Amino acid sequence: MKKNIKFSVLIIALLMLCLCLTGCSELDTMREQQAFWTEKGSVDSITYNEVEYKRLPGYDPPAPTGYQFQPVFVTDPDVPVLLSNELSTYMNLSDDGNFLTGYVSMTPEHDVITVYSAMYSALSNSYTSYEGGDATYCKADIYDEVVAKIEEGIKYSSYGYEYWVLDEETGVHDYKYYFLTDEQSDAINKVVEEVKPVPESEIPYKTLWIASLDKISEDKYFSKTSYEIYYDDYLEIYYVVYYSPSLGTHTHYEVPKKMNDIFDEISKQAVDSNNYYLEDTEI
Amino acid sequence: MSELLRCENLTKKYANTTALNGINLTLESGKIVGLLGPNGSGKTTLIKLINGLLTPTEGKVLINGKAPGVETKCEVAYLPDNSYLNSWMTVKQIIEYFKDFYADFREDVAYTMLNKLSITPDVKLKTLSKGNKEKVCLILVMSRNAKLYVLDEPIAGVDPAARDYVISTIINNYNPEATVLISTHLISDIEEILDEAIFIQNGDILLQKTVDEIREENGKSVDALFREVFRW
Amino acid sequence: MVKKLFKHEIYAYLRTILPMHMILLGIAILGRFIQLFENDSVSYRIVFWSSVVAFIIGVVVCIVLTLVFGIRRFYSNLFTSEGYLSFTLPVTSTQHIWVKNTVALLAQLASIIMILISCCAITFGDVCVEVFKAIGYLFKLSYTEIGYHTTLFVIEFIITLVVSIATTYMLFYACIALGQRAKKNRVAAAVGVFFIYYLIMQVIATIFIIIVAVFHEQLYIDELITYLENHPIFTNHLVFSVTTIINAIGFVIFYAITKSSIKNKLNLE
């Protein structure tokens, strides 16, 4: 009987040892997506895959163009990987791996990061809100170069937006970027400069969202959120809309009807993308 | 000989019936006593009261001067009329069980008796035949060195050869200073070993005499008197 | 004598509960073994999730079977033909009740521990280690950020759990013991007693809720709720304490009923 027990224990121990050698793909994915604040309590630097990313200065920093970003969860250095999705700041890594962008919460002194999720709220039975804003971090080795560009002044010369397509052959959804032509960008600028804006409450009918425009730098490398395009399909009027995060208001610039054909061109792939999305999600 | 069992005005009533009706009874040590009566006469009720399985409505029962409790259970060996052992246990395990709880249990006597029946200790009780199961129950009880043995219908439901075995086991293994109280309605098989007989009917004691007294006074065997007294 | 009673009671449980625990552990190890073949195929996902579902079912069965066995053991060992043996042992009815309740409680705790071991087995390796790290971090976090003594919380939780398990068993014992007073269909009578108890509890709870709703101003309920919301640590301690006390009172009542029924109203047939 004792021999049987010893043998069984040995087999189970060996089996457990073999099983130790296997991992778990979900855990590996979480590890790949976890980054750390380089110094706990400071929002100035992030370490991801042993590479340092430093925060670009200013409170409305530029971000790289495009949205094909990989999610990254930035946590305090001692947070275990299983809690990384909960006790973290969500950021996106650009395709070229040079930038991390996201919304960063911080204390009024802008120097202590404490962001927790519903888990924390449940534990403490309270919710504390923090100030925050968009932040962009770039790799330490190109930091000086990028800061120099920003200090020089990034010239945002045109606009663009992201839209969503389905590759019917592969069945894969993909994001693409539509860069407006000079003529189209000029049309946007003209509307904003010359048309008198009205508040949302004065818009007669409900409008459809078409696209969110980004201002694009000359080298098409940087972008910043700027205006949105809405459309009143009853009166056939386009609006260029500015959203103020601080005031929480939408300001509408009515596009003159003579410019509708330009805005039809601007809106075309966005409308297709929106329609496809709506069909696919069956809202 | 000392007084081993005393019942004083012992009454047991259920909702609609009176199982025992104020009986007074005394048993002395060193005797084999037959508790004889038809079905429903109160034999099992009396036995259960002696063993503390029921509480009296009135009166009391004393074993060696004590009310049924932990102390008397050490002195009373009880064989119920049905199978009461855990059927998943082996014979060896049930012997260990009895050995653990009863200081007077004689393990060697039990194994000797089992050997004679060719019952191996490692068999599970549920694999034994009904007859063998009852024999094992009897062996366990008779292996104790108790002061009072209470056997409820030990020979009912067994074949004649097995009845002889039961009777010889009782005779050969009980403590001569102890008392054996055998409840039965099969008197002819048991009469030859009885010292005393108690007739019970409808919860009343009709008669308590020695077997010799019954034969001399009535000119008949206890069995014949039983048939006459309890004739329909 | 109590030690011997414990010994035999534990043995009776081991022969049923232990194989069940081994089966659960086997399901967990098998589930972990399946993860060796992890890939994106549909067939792997089906097999993997089936193993997870089998494990969850195994956990539920383990808890339920342990409870059922504990109740059944009390009934069969004392109120069926085995009762002739049990009640003629030189052991008091009090000792019987305590030993059975204690061993049933230990069996349930053993099942819980085995479930935790099986959870470690099914996640054995990286995942298991990370789970422990995460738990440890949360303990530390709740203390440093909220001032919550998680170790104290765990101790309170265990005490509440132990008392509530013991009370649950004692409730069923009382139902069985009361059911024995019926002339016929004693098991059905025991079930009936349980339902009556449940009904009474529901009525009491409803009356309580109505009183609180109608008189919530006079009873300062809103202020109380606000206070409790603002003091979560105190609220947690309060919940555990009140639960434990209520269960303890229930335990005493059910024990008294069980003991009285066995001592005075036992009628084995």
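Because the structure is predicted, anything quoted here is derived from the model rather than measured. (Residues numbered from 1 in each chain as written. Chains lettered and ligands numbered in written order. Predicted model: local features only at pLDDT ≥ 70, side-chain atom pairs only at ≥ 80, totals over all residues. Heavy atoms only, no water.)

Overview of the pattern of salt bridges
(1) Moving on: The final tally for this structure, using the stated rule, is 25 salt bridges over all chains.
(2) Moving on: Across the pair Glu3(B) and Arg6(B) runs a salt bridge, and its minimum N-O distance is 2.8 Å.
(3) Moving on: Judged by its relative accessible area of 35%, Glu3(B) is partly exposed.
(4) Moving on: Across the salt bridge formed by Glu28(B) and Lys31(B), the nearest N and O atoms sit 3.8 Å from each other.
(5) Moving on: Accessibility expressed as a relative area gives 16% for Lys31(B), which makes it buried.
(6) Moving on: Residues joined in a network through salt bridges with shared partners are Asp28(A), Arg31(A), Asp126(C), Glu130(C) and Lys133(C). (Salt bridge = Lys/Arg side-chain N within 4 Å of Asp/Glu carboxyl O. Buried < 20%, exposed > 50% of the residue type's maximum accessible area, 1.4 Å probe, protein only.)

Focus on the domain arrangement of chain C
Residue and element names in this part refer to chain C.
(1) Moving on: We note that the domain assignment places domain 1 (1-124) and domain 2 (147-269) within chain C.
(2) Moving on: Centre-to-centre separation of domain 1 and domain 2, based on C-alpha positions: 24 Å.
(3) Moving on: Taken together, the contact between domain 1 and domain 2 spans 23 residues of the former and 22 residues of the latter.
(4) Moving on: Both faces combined, the contact of domain 1 with domain 2 buries some 2200 Å², and carbon together with sulfur accounts for 79% of it.
(5) Moving on: Interface area lost by domain 1 to domain 2 is led by Phe-79, Ile-97 and Asn-101, which between them contribute 27%.
(6) Moving on: The interface formed by domain 1 and domain 2 includes zero salt bridges.
(7) Moving on: Here domain 1 and domain 2 share five residue pairs in polar contact (both at pLDDT 80 or more) between them.
(8) Moving on: Listed by contribution, the elements that provide at least two residues to the side of domain 1 that touches domain 2 are helix H2 (42-79), helix H3 (82-86) and helix H4 (93-122).
(9) Moving on: Element by element, the count of residues in the side of domain 1 that touches domain 2 is highest for H4, at 11 residues.
(10) Moving on: Here the residues of the side of domain 1 that touches domain 2 sort into 14 nonpolar, eight polar and one charged. (Domains from an automatic or database assignment. Contact = heavy atoms within 4.5 Å. Buried area = accessible area lost by both parts, 1.4 Å probe. Polar contact = N/O pair within 3.5 Å; in protein donor to acceptor, adjacent residues only side chain to side chain. Helix = DSSP H or I, 4+ residues; strand = E, 2+ residues; numbered from the N terminus. Nonpolar A, V, L, I, M, F, W, Y, C, P; charged D, E, K, R; others polar.)

Some points on the domain arrangement of chain A
Interfaces are often sized by the accessible area lost when the parts come together.
All names here are of chain A.
(1) Moving on: The assigned domain composition of chain A is domain 1 (25-152) and domain 2 (156-281).
(2) Moving on: Contacts between domain 1 and domain 2 engage 13 residues on the former and 14 residues on the latter.
(3) Moving on: Counting the surface lost from both domain 1 and domain 2, the interface buries some 1100 Å², and carbon and sulfur atoms represent 51% of this.
(4) Moving on: At the boundary of domain 1 and domain 2, one finds zero salt bridges.
(5) Moving on: Here domain 1 and domain 2 share zero residue pairs in polar contact (both at pLDDT 80 or more) between them.
(6) Moving on: Elements with a contribution of two residues or more to the side of domain 1 that touches domain 2: strand E4 (63-64) and helix H4 (140-152).
(7) Moving on: Class assignment for the residues of the side of domain 1 that touches domain 2 results in six nonpolar, four polar and three charged.

Considerations on the state of the cysteines
Here is the idea: a disulfide is a covalent bond, and it sits between the sulfur atoms of two cysteines.
Residues and elements named next belong to chain B.
(1) Moving on: Scanning all chains against the criterion turns up zero disulfides over all chains.
(2) Moving on: Considering cysteine sulfurs only, Cys-74 is the nearest to Cys-7, which forms no disulfide, with 20 Å between them.
(3) Moving on: The class for Cys-7 is buried, based on a relative accessible area of 2%. (Disulfide = S-S within 2.5 Å.)

So, the confidence of the model for chain C
(1) Moving on: In the predicted model, chain C carries a mean pLDDT of 90, and 99% of its residues have values of at least 70.
(2) Moving on: For this predicted complex, the interface score ipTM comes out at 0.86, while the overall pTM is 0.79. (pLDDT = per-residue confidence, 0-100.)

Topic: the environment of Pro245(A)
(1) Moving on: Assignment of secondary structure puts Pro245(A) in the loop between strand E14 (237-244) and strand E15 (249-254).
(2) Moving on: When the C-alpha atoms of Pro245(A) and Val198(A) are compared, they prove to be 17 Å apart, with 47 residues separating the residues in sequence.

So, the interface of chain C and chain B
(1) Moving on: Counting from both sides, the interface comprises 28 residues of chain C and, opposite them, 26 residues of chain B.
(2) Moving on: Approximately 2600 Å² of surface area, both sides summed, lies buried where chain C meets chain B, with 58% of it carried by carbon and sulfur atoms.
(3) Moving on: Along the contact surface separating chain C from chain B lie one salt bridge.
(4) Moving on: Put simply, Asp100(B) and Lys7(C) hold a salt bridge, and the shortest N to O gap is 2.7 Å.
(5) Moving on: Across the contact surface, chain C and chain B share eight residue pairs in polar contact (both at pLDDT 80 or more).
(6) Moving on: Mapped by element, the contributors of at least two residues to the side of chain C that touches chain B are helix H1 (2-34), H2, H3 and helix H9 (232-265) of chain C.
(7) Moving on: The leading source of residues in the side of chain C that touches chain B is H1(C), at seven residues.
(8) Moving on: Per-class residue counts for the side of chain C that touches chain B are 12 nonpolar, eight polar and eight charged.

Points about the packing of H1(C) against H2(C)
(1) Moving on: Their axes nearest at 8 Å, the elements H1(C) and H2(C) cross at an angle of 170°. Classed by the angle they form, the pair H1(C) and H2(C) counts as roughly antiparallel. (Axes fitted to C-alpha atoms, helices over the stretch in contact; angles between N-to-C directions. Parallel < 35°, antiparallel > 145°, perpendicular 65-115°, else oblique.)

A closer look at helix H4 (residues 107-116) of chain B
All names here are of chain B.
(1) Moving on: Val-109, Ala-110, Met-113 and Leu-114 are the residues of H4 that are buried. Looking straight down H4, one finds that the buried residues subtend no more than 130° of arc, so they occupy a single side. Set apart from the buried face of H4 by more than 90 degrees, the exposed residues are Asp-108, Asn-115 and Lys-116.
(2) Moving on: Of the surrounding elements, those touching the buried residues of H4 are helix H3 (91-101), helix H5 (130-142) and helix H6 (160-173).
(3) Moving on: Immediately beyond the C-terminal end of H4, within one or two residues, lies Ser-118, with a positive phi of roughly 55°. (Arc of directions from axis to C-beta.)

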